[in-house]
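Notes for the structure review
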Amino acid sequence: MNGLYVAASGLVTEMAKLGSESGNLANIWTPGFRRFEIVAQASKNAVSPYLYASTPAEPVLATTPGPSQDTGDPLDIYVTTNAYLAVQSQNGGELYTRNGALRVEPTAEDPNMGTLYAADRPLLKDDGTQFVLPKGQITIAPNGIVSIGTTSYGKIKLVDPAGETLVAAGGSLYRTASGNQLPISDQAGVRQGFLEMPGGNLVNDMVSVVDSARQYENSLSALHLIDENWNQTNQAFALNVNA
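A brief structural summary. (Residues numbered from 1 in each chain as written. Predicted model: local features only at pLDDT ≥ 70, side-chain atom pairs only at ≥ 80, totals over all residues. Heavy atoms only, no water.)

Summed over all chains, the structure comprises one aromatic pair. Seen in terms of ring centroids, Tyr84 and Tyr174 are 6.1 Å apart; in terms of plane orientation they differ by 80°. Their pairing is edge-to-face. Of this pair, Tyr84 sits in strand β7 (residues 84–88) while Tyr174 sits in strand β18 (residues 173–176), placing them 90 residues apart in sequence. Grouping residues by exposure puts Tyr84 and Tyr174 together as buried. Note that Arg98 overlies the ring of Tyr84, its terminal NZ or CZ placed 5.9 Å from the centroid. (Phe/Tyr/Trp six-rings, centres within 6.5 Å; stacked < 30°, edge-to-face > 60°. Helix = DSSP H or I, 4+ residues; strand = E, 2+ residues; numbered from the N terminus. Buried < 20%, exposed > 50% of the residue type's maximum accessible area, 1.4 Å probe, protein only. Lys NZ or Arg CZ within 6 Å of the ring centre and 35° of its normal.)

Structure below.
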C-alpha cells in the first residue's frame, strides 16, 4: 500500500513541475517574465500517514531580476530593485508586471491622445489613474515621471512586493495571492531604453520539460502497476478465503 502512495505523491509533483516548466518555456522571450519553480518537500505531521511529499498550492515565483538589455527604445523601461509596475486589470483592480515594453494606444475619444500600456494593460500613475498623453517624444525620468517636452503627466506607480506572495495572472502579469494592493516603493526607479529579459535558457528549459514529462509517465506507469498488483492480491486473498 505504501508504494501506491509514494508513486501518487511523485505523480502529483511531476504534474505540477510540468505545468510550471511549460509556462517558463512559453515565456522564454517575454520581457519582465519571472520564472516559477515547484518546491517539493517531505511531508511532516501530515493528515494522512500515506502522504509522503507535498507541493505548494502555487509555484514559487523567482525573486532575482533578469538581465537588462539595452534596446535604445524610449518606450522601454527597466525597473530597478525588485519593484513592479502597477497596471489596471479588466475589472478595474491592479495587476503587476516587470514587462517594461510600453506602448501608446490612441483613445477612442480623441485619436490625438493615447493611453500608455504595459503588458497589454493600462499603466497606472502613483495616484491610481491612467496615463493619457498627447502625441510627442516621451521621456521617462529615473524616478518614473513621464514627460513630453517640458510638461509632466504623472509618475509611474512602482510597487514593493515585500511581504506578499505573487501568483501568475497570465504572461508577465501577476497578482497578490491575498488580493491586497501592493504599497508604493520608495526605493524603485526606472532606466529608459532598457528592458528586463527573463533569466531562462531555451535549451535547458526544453530539456526540463521533456524530463518532467518522462518522469510523469514513469510515475503514472508505476501507479498503474502497483494498483494492478494490489487488485490481483485482493482477488487471490478473496479466493483463498472462499475456498
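From this point, things continue past the structure.
What follows concerns the sheet that holds strand β14 (residues 145–148). Ordered by their spatial adjacency, three strands build an open sheet running β13-β14-β15, and the pairing between neighbours is antiparallel. The sheet is open, and its two edges are formed by β13 (138–140) and β15 (151–155), each paired on a single side. On average, adjacent strands in this sheet sit at an angle of 25° to one another, irrespective of strand direction. Relative to β14, β13 is paired through three bridges, and the arrangement is antiparallel. (Pairing = 2+ DSSP bridges. Axes fitted to C-alpha atoms, helices over the stretch in contact; angles between N-to-C directions.)

Before going further, it helps to examine the nonpolar core. Of all hydrophobic cores here, the largest spans 22 residues; its most connected members are Leu85, Leu123, Ile140 and Ile156. Contributing elements (two or more residues each) for this core: β6 (77–79), β7, β10 (113–118), β13 and β14. (Core = buried A, V, L, I, M, F, W, Y, C linked by side-chain atoms within 4.5 Å.)

Positive phi is not limited to glycine here, since Ala119 has a value of about 55°. Examined against the element boundaries, Ala119 turns out to sit in the loop between β10 and β11 (121–122). Residue classification places Ala119 among the buried positions, given a relative accessible area of 16%. Positive phi values are uncommon outside glycine, yet Asp120 reaches one of about 65°. Position of Asp120 relative to the elements: it lies in the loop between β10 and β11.

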